[in-house]
Amino acid sequence: MKRIFIFAVSILLSCSLMAGEKVLQRSAKHAPKWIGAMEEGYFIASAEAPTLDEAQQKALTRVREQIIYAVATRVQSSTTITLHTVTDNGDVKEHKEMTGELSVRAADIPYLANISPSRVEEYYWQKIRRDNKSVYYAYHVKYPLSNSRLRELIADYEKRQRALNDTLQAFASTDFSTFTDLNQMMAQHSRLKQFAQSLPEDDPRQEMCKAIRQGYERMVAQNLHAEPVSSDRQATVVALFYGTKRLTFTLRPRTKSNCLTAIQTQTLTDATRISYDYQSGCYDDEENYLDVIYTVFGKKISTRCYIK
């Protein structure tokens with residue numbers, strides 16, 4: 001098996017002093033030899049800050065940065081999805097690929113949250129006074145992380161990214177022509193939105209989610225339509241179709257009429273029944289109509305029904 005070597009990637013601070021500086025206090029009589037060095041199985045980091053606690057936390061932050069870098073240089077850094085344009089009968093009209101470069105982030109490696117002073121194997125600090133009398137602390141840490149543990153972090157990261165990419169490709173492969181329920185289409189759209197919200201803002205998969213969402217909206221705009229299936233002076237029944245397939249749904253529409261009053265809607269399994277009062281405001285010698293308007297993915301799906 002190929003061995004993984006861990007190298008410090010931040011600029012390490014030595015223990016040498018600048019002209020005019022003086023050490024006021026130190027954690028040990030002599031500085032350890034590992035400061036400024038590289039050792040297999042360890043991350044070595046240094047930092048300066050006005051207080052001891054700040055310097056310690058900055059040094060641990062640099063350890064985290066080094067681990068992120070170690071993972072990032074050993075994993076696949078891109079994701080690719082295939083987008084399909086599907087007709088209402090399920091035929092694929094065209095497809096295209098989208099590729100984005102991924103960046104490893106702290107949130108992608110849960111192990112980083114466990115890095116703490118108690119896990120540091122060795123440390124060394126100095127309290128130093130500058131020539132201008134100001135004081136700062138230099139803090140050095142030697143943090144253990146074995147090659148096998150680093151391989152586990154890399155494998156865990158890759159597993160998480162594969163799961164995200166598989167989920168994204170599943171969204172991209174969605175074919176609404178196979179759905180029989182409008183509620184399922186709307187739920188899929190909502191799940192995609194929630195998935196996008198779970199990603200960092202600068203994740204390239206955000207653009208992919210946007211493209212998939214726009215594809216959903218195009219599918220609906222091109223294939224979803226409302227039609228009256230029956231109409232008289234007491235009520236009109238309107239159904240929703242995806243292409244030629246009649247859908248089940250619970251979505252309630254808005255209604256508008258030039259003469260009908262007391263309009264009420266009732267949701268059926270695969271239609272909406274709209275009842276009304278024709279006699280109070282409609283005239284037989286005029287065009288009496290009822291507009292039925294559904295909103296799906298922000299798009300208006302409407303039909304005008306003429307009442308005779």
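Keep in mind that what you see is a predicted model, and the values were worked out from it rather than measured. (Residues numbered from 1 in each chain as written. Predicted model: local features only at pLDDT ≥ 70, side-chain atom pairs only at ≥ 80, totals over all residues. Heavy atoms only, no water.)

A. View of the sheet that holds strand β2 (residues 42–49). One open sheet accounts for four strands, arranged β1-β5-β6-β2; its pairing is antiparallel. Looking at strand neighbours, the two that pair on one side only are β1 (22–26) and β2, the edges of this open sheet. Each strand of the sheet is rotated relative to its neighbour by a mean of 20°, with strand direction disregarded. Direction of pairing for β2 relative to strand β6 (residues 135–144): antiparallel, over a ladder of eight bridges. Within β6, the residue paired with S46 across the bridge is H140. Where helix α1 (residues 52–72) meets the sheet, it contacts β2, β5 (122–129) and β6, and its direction lies at approximately 140° from that of β2. (Pairing = 2+ DSSP bridges. Helix = DSSP H or I, 4+ residues; strand = E, 2+ residues; numbered from the N terminus. Axes fitted to C-alpha atoms, helices over the stretch in contact; angles between N-to-C directions. Contact = heavy atoms within 4.5 Å.)

B. Main features of the pairing of strand β8 (residues 235–242). Most of β8 sits inside the fold, with eight of its eight residues counted as buried. Side chains of β8 alternate between two faces, with A235, V237, A239 and F241 and T236, V238, L240 and Y242 buried alike. Relative to β8, strand β7 (residues 224–231) runs antiparallel, the two sharing seven bridges. Note that in β8 the partner of P228 across the bridge is V238. Relative to strand β9 (residues 245–246), β8 runs antiparallel, the two being bridged by two bridges. When the bridges of β9 are listed, F241 appears paired with R246. Hairpin connection, β8 to β9: the antiparallel pair is bridged by two residues, and G243 has positive phi, about 65°. (Buried < 20%, exposed > 50% of the residue type's maximum accessible area, 1.4 Å probe, protein only.)

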